[in-house]
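# Secondary and tertiary structure notes
The chain contents come next:
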Amino acid sequence: MIEKIKELLERYSEKNDKYFKLRKEMVEIQLRERGITNEKVLEAFLAVPRHIFVPESRRSFAYDDTPLPLFEGQTISQPYMVALMVELLEPDEKKHILEVGTGSGYQTAILALLSKQVYTVERYESLSEYAKEKLKELSIDNVVFHVGDGSEGWMDFAPYDGIIVSAGAPDVPEPYLEQLNPGGIIVIPIGDRFYQDLVKVIKTEKGIKKEYHGPCVFVPLIGKYGFKD
Ligand code: SAM
């Protein structure tokens, strides 16, 4: 998908896109200066036009350092949080990634540019359809969409090399560990309904290793292995 990054950088270049400057500042100030170092990740954030994922009424805030309201009471996460989670996931051109919580599709687009194939699950059909439209607009075609309870993972395409969850869970859902390849990584906010810790889980031959990457605030993961509705 390196070609796709190049294509988007051209299509949404400084010359063609009035939001380019704001996007560049977002990458340099909110991401690089805060410690995001993976150049491919930074490039993907420059290539993906975040404003097209933000509802029209909020578009002028698209590159602000904040989460933004979406539909169905859900949110599009703060750019830095998306970048940190994607960097922790260690995506690359060979990996198959499961994303839980498609939301607007913004993070899905970033993941698609950095991985071989993305499988994304959302509980609201309206959001899944919205995201599908946006990715079509960008001609991104290595994403499979599904509406359902992503707390159960998605058996159909398992095993995955990485699982990224953009909603807060009480613990790591058991099915994720079964659906993950050895050496695979899960990035997931774990805590209560309101506050969580960002956790990176690595599946090793001896079991699992957990790393903690600071506090975060996500909407709850609702489902069998998440919170009750
Ligand atoms: N990463 C998204 C973006 O870039 O727009 C934002 C995701 S939003 C913070 C979290 C999403 O998780 C919401 O769209 C919510 O509906 C979804 N969600 C919550 N529980 C879920 C579940 N069990 N399965 C799938 N999606 C779920």
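Residues numbered from 1 in each chain as written. Predicted model: local features only at pLDDT ≥ 70, side-chain atom pairs only at ≥ 80, totals over all residues. Heavy atoms only, no water.

Attention now goes to the overall build of the protein. Across its full length, the protein carries seven helices and nine strands. Its C-alpha atoms give the protein a radius of gyration of 16 Å, within 12% of the compact-globule value 17 Å for 229 residues. Dimensions of the protein along its principal axes, counting C-alpha atoms only, are 50 × 35 × 30 Å. Residues counted as buried form 53% of the 229 residues belonging to the protein. Long-range pairs, those at least 24 residues apart, make up 57% of the contacts in the protein with a sequence separation of at least 6. Of the roughly 10,700 Å² that the protein leaves accessible, carbon and sulfur atoms contribute 51%. (Helix = DSSP H or I, 4+ residues; strand = E, 2+ residues; numbered from the N terminus. Rg over C-alpha atoms; globule rule 2.2 N^0.38 Å. Buried < 20%, exposed > 50% of the residue type's maximum accessible area, 1.4 Å probe, protein only. Contact = heavy atoms within 4.5 Å. Areas by Shrake-Rupley, 256 points an atom, 1.4 Å probe, with all protein chains shown as cover.)

Here the focus is helix 4 (residues 79-89). The buried fraction of helix 4 amounts to eleven of the eleven residues, a majority that puts the element mostly inside the structure. Those residues of helix 4 that fall on the buried side of the exposure criterion are P79, Y80, M81, V82, A83, L84, M85, V86, E87, L88 and L89. The first or second residue beyond helix 4 is E90, which carries a positive phi of 55°.

Near the ligand, the surroundings consist of 25 residues, among which S104, E122, D149, G150 and I222 are the closest. Here an oxygen atom of the ligand and a side-chain polar atom of E122 are 2.6 Å apart. With respect to the ligand, the backbone of G150 contributes an N or O atom lying 2.8 Å from a nitrogen atom. Look at the ligand: alone it shows 600 Å² of surface, and the protein chains cover 100% of it. Mapping the ligand onto the cavity grids shows that it belongs to the largest pocket. Those elements that provide at least two residues to the shell around the ligand are strand 2 (75-76), helix 5 (106-114) and strand 4 (117-122). Tallied by class, residues from the shell around the ligand come to ten nonpolar, twelve polar and three charged. (Near = heavy atom within 4 Å. Polar contact = N/O pair within 3.5 Å; in protein donor to acceptor, adjacent residues only side chain to side chain. 1 Å grid on protein atoms, 1.4 Å probe; cavity = no way out; pocket = protein on both sides within 12 Å on 5 of 7 lines; lining within 4 Å. Sits in = over half its atoms within 2 Å of the grid points. Nonpolar A, V, L, I, M, F, W, Y, C, P; charged D, E, K, R; others polar.)

Below, the discussion takes up the layout of surface pockets. Picture a little ball the size of a water molecule; that probe, rolled over the atoms, points out where space is still empty. Within this model, the largest pocket holds a volume of roughly 590 Å³. In terms of lining residues, the largest pocket is bounded by 36 residues, among which Q74, T75, S166, A167 and V219 are the most central. When residues of the lining of the largest pocket are traced back to their parent elements, those giving at least two are strand 2, helix 4, helix 5 and strand 4. (Points joined across faces, edges and corners; volume = space filled by probe spheres on them.)

Here helix 3 (residues 39-47) crosses helix 5 at 130°, and the two axes come no closer than 9 Å. The angle between helix 3 and helix 5 falls in the class oblique. Considering the relative orientation of helix 3 and helix 5, their crossing is right-handed. Judged by residue contacts, K40, V41, A44, F45 and A47 of helix 3 engage Y106, I110, L113 and L114 from helix 5. Looking at the contact of helix 3 with helix 5, its residues break down into eight nonpolar, no polar and one charged. (Axes fitted to C-alpha atoms, helices over the stretch in contact; angles between N-to-C directions. Parallel < 35°, antiparallel > 145°, perpendicular 65-115°, else oblique. Left-handed = near helix turned anticlockwise from the far one by under 90°.)

Moving on to the packing of aromatic side chains. Summed over all chains, the structure comprises eight aromatic pairs. Look at F45 and Y106: their rings are 6.0 Å apart centre to centre, the planes differ by 80°, and that puts the pair in the edge-to-face class. On the criterion of sequence distance, the pair formed by F45 in helix 3 and Y106 in helix 5 is long-range, its members being 61 residues apart. The class of Y106 is buried, set by a relative accessible area of 2%. Seen from their ring centres, F71 and Y130 are 5.0 Å apart, and the 75° between their planes marks the pair as edge-to-face. You can see F71 sitting in the loop between strand 1 (68-69) and strand 2 and its partner Y130 sitting in helix 6 (residues 125-137), a full 59 residues away along the chain. A relative accessible area of 15% means that Y130 is categorised as buried. One aromatic cluster in this structure is built from Y119, W154, F157 and Y160. (Phe/Tyr/Trp six-rings, centres within 6.5 Å; stacked < 30°, edge-to-face > 60°.)

With respect to topology, seven strands assemble into an open sheet ordered 5-4-3-6-7-8-9, the strand pairing being mixed. At either end of the open sheet lies a strand with only one pairing partner, and these are strand 5 (143-147) and strand 9 (207-216). With strand direction ignored, the average angle separating the axes of adjacent strands in the sheet is 15°. Two strands pair when backbone bridges link them, and strand 3 (residues 96-100) and strand 6 (residues 160-165) are joined in this way by four bridges, in the parallel orientation. Among the inter-strand pairings, V100 is bridged to a residue of strand 6, identified as V165. Helix 6 contacts strand 4 and strand 5 of the sheet and is inclined by roughly 165° relative to strand 5. (Pairing = 2+ DSSP bridges.)

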